[in-house]
Amino acid sequence: MASIKCISAAFVFLTLLGSCDVLHHYKRPADLQTEHLFRGHNDHDSSGIAEMPWRELFTDSRLRQLIDEGLQRNYDLKIAVARMESAAASVQQSTLALLPSLSANAQMTHSKPSTAQVRANGVNVSSIPSYNVYALTGTSSWELDIWGKLRSARRANLSAYLKSDAYRRAVQTQLIATIANDYFQLLAYDEQIRIVEASVQNRSKEVDVVRDLKEAAIVTGADVVNSEANVYAASLQLPDLKRSRRELENALSILLALPPDSIARGSFVEQAITADLRTGVPAKLLANRPDVQEAEYAFRNAFDLVNVARAYFYPALTISGTAGFATANTLQHFFDGTFYGSIIGGLTQPIFNQGQNKARLRIARATQQEAYYNFQLSLLTAGKEVSDALYAYDMAKEKQAQRGGQLAALDKASDFTKELLKYTSNTNYTDVLTAEQNLLTAKLSAVNDKLQELQSAVNLYKALGGGWRQ
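Residues numbered from 1 in each chain as written. Predicted model: local features only at pLDDT ≥ 70, side-chain atom pairs only at ≥ 80, totals over all residues. Heavy atoms only, no water.

To continue, consider the overall build of the chain. Scanning the chain from N- to C-terminus turns up 12 helices and four strands. Burial statistics for the chain: of 470 residues in total, 40% are counted as buried. Counting only contacts in the chain whose residues sit at least 6 apart along the sequence, the fraction spanning at least 24 positions is 85%. Accessible area of the chain: about 26,100 Å², with a carbon and sulfur share of 55%. (Helix = DSSP H or I, 4+ residues; strand = E, 2+ residues; numbered from the N terminus. Buried < 20%, exposed > 50% of the residue type's maximum accessible area, 1.4 Å probe, protein only. Contact = heavy atoms within 4.5 Å. Areas by Shrake-Rupley, 256 points an atom, 1.4 Å probe, with all protein chains shown as cover.)

What follows covers the pattern of salt bridges. In total, this model carries 26 salt bridges according to the counting rule given. D291 is the salt-bridge partner of R289, the closest N and O atoms lying 2.7 Å from each other. Residue class for D291 comes out partly exposed when judged on its relative accessible area of 26%. Among the salt bridges present, the one from K397 reaches E453, with a minimum N-O distance of 3.5 Å. (Salt bridge = Lys/Arg side-chain N within 4 Å of Asp/Glu carboxyl O.)

When you line up the elements, Q293 lands in helix 10 (residues 290-311). Taking the relative accessible area as the measure of exposure, Q293 reaches 9% and is therefore buried. Reaching out from Q293, the side chain makes a polar contact with the backbone oxygen of A287 at a distance of 2.6 Å. Those residues in contact with Q293 that sit more than four places away from it in its chain are A166, R169, L286, A287 and N288. (Polar contact = N/O pair within 3.5 Å; in protein donor to acceptor, adjacent residues only side chain to side chain.)

Take the sheet that holds strand 3 (residues 316-328) next. The four strands lie next to each other as 1-2-3-4, forming an open sheet whose pairing is antiparallel. Lying at the two open borders of the sheet, with one neighbouring strand each, are strand 1 (101-111) and strand 4 (338-348). For this sheet the average axis-to-axis angle between neighbouring strands, irrespective of direction, equals 15°. Strand direction decides the pairing type here: strand 2 (residues 131-144) and strand 3, joined by 12 bridges, are antiparallel. (Pairing = 2+ DSSP bridges. Axes fitted to C-alpha atoms, helices over the stretch in contact; angles between N-to-C directions.)

All right, on to the environment of L407 then. Here L407 is to be found in helix 11 (residues 356-423). Note on L407: relative accessible area 22%, which makes it partly exposed. On a C-alpha basis, the gap between L407 and L440 in space is 9.3 Å, while along the polypeptide they are 33 residues apart. L407 has contacts with L439, A442, K443 and A446, leaving out every residue within four places of it along the chain.

Attention now moves to helix 10. Three or four residues apart is the spacing at which side chains of an α-helix point the same way, because the helix has 3.6 residues per turn. Taking 1.5 Å per residue, 22 residues should reach 32 Å; helix 10 reaches 32 Å between its end C-alpha atoms and fits that length. Among the 22 residues of helix 10, 17 are classified as buried, and the element is accordingly described as predominantly covered. (Expected span 1.5 Å × (residues − 1).)

A few words now on the side chain of R403. Following the sequence through the fold, R403 ends up in helix 11. For R403, the contacting residues outside a window of four places in its chain are A442, S445, A446 and D449.

Let us now look at the confidence of the model for the chain. When the pLDDT values of the chain are averaged, the result is 86; 88% of them are 70 or greater. Within the chain, no element has a lower average pLDDT than helix 1 (residues 2-18), which sits at 52, and none a higher one than helix 8 (residues 237-255), at 97. (pLDDT = per-residue confidence, 0-100.)

Another aspect to go through is unusual backbone geometry. We note that H36 has phi near 60°; this positive angle belongs to a residue other than glycine. By the element assignment, H36 lies in the loop between helix 1 and helix 2 (54-57). A positive phi angle, near 65°, is found at A217, a position not held by glycine. With respect to the secondary-structure elements, A217 resides in the loop between helix 6 (149-215) and helix 7 (221-235).

Membership of the largest hydrophobic core comes to 72 residues, with the highest contact counts inside it found for F58, L63, I179, F184, I273, L460 and L464. Examining the composition of this core, we find that 17 residues originate from one element, helix 6, more than from any other. In this structure, L63 is in contact with F58, I179, A180, Y183 and F184, ignoring residues within four places of it in sequence. Listed in part, the eight residues of the second largest apolar core include L213, V224, L421 and L433. (Core = buried A, V, L, I, M, F, W, Y, C linked by side-chain atoms within 4.5 Å.)

Right under this line is the structure:
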């Protein structure tokens, strides 16, 4: 009883000491750069498209189906979930570390004096019996978390778990954006191939027209050969477009965890993102963007590990106890045998341990500083990506407005040169070739303009942290 009183007194004393400022509590850094992150754009609306579920942003049913399949099958996402399970196990273990440990040991000892010893004492060997001792022992040990070392370790593991969850959500937002961008690019290849194939057909028909003009002595044989070469010039664009389309289908299949195959899809001209592309205030990136949250949880993890390292400089109080039963020769009345028990309180104060505590604290602080810089950098990078996507979207809209005028002018120029070739001598077939090539190039560029608009909207959605909400 005296020992228990002494241990209790030491516990109370150390608890009072523990109320001192040993354990620091996490607060988000006050000097985070959260203003003016979006270059040339100030949206004072607190909400943005990041809060919009991806099903509302994308209206194409085939694209929605592909995203659904990707979220169910993608291996990168499954790897992220496996990381979460590992981190959850660490949280559970660090929570149980606050409780006492308990172990049990069952033992049997067979004893018999040695023959030489018995004969030396002049005793008949056959008259000395052997005997068995049976013992059941329980041992418990408990480290009292006076300075918050175990609690800090638990919070560090919890931050690691939340970091793994943020990583999973970051993988999900990246996956959705990649599937959507690849889908739009695939449709763009379809549209460009359709345009080139139509141009090949039209140029093939023009070869017959040029031959007739040669018979009428309006053009020369060189013009006929040039018209044939013009067909090949357009046809040569098809292999590269088809190869790129096939490779993109294969890459998209891998994202869906499927063998390379064709992808069911709609039409490029039907695609549109009609949502209001509101960004919200830059500070919302802290709540919406998973990789920024991942960086903050990494900083919190490092912060609590500094608390753990600091706690090693203070004494550790451990209470351990042993209790059990022992009996000889019989198990029938085991618990009627001898009961024994002990309790020990130990106080360990580090004095000199080869600089390990100081090194541990310096490493933890350096890691915390590194995590802080990564946290700041993640915010700046997020702001840069939002700014890039916004500007790319605006420039795509501007190009489309100007491209319409260019297409109309080039279409007229192509028609005019063909008519002039037929009825006047004020032009030659080279002008026709130039006009047709310029028109084809502009049509293909118009597809890229719309593709840039669609992909910029997707990239803005991802940059703002959209995609992980259902």
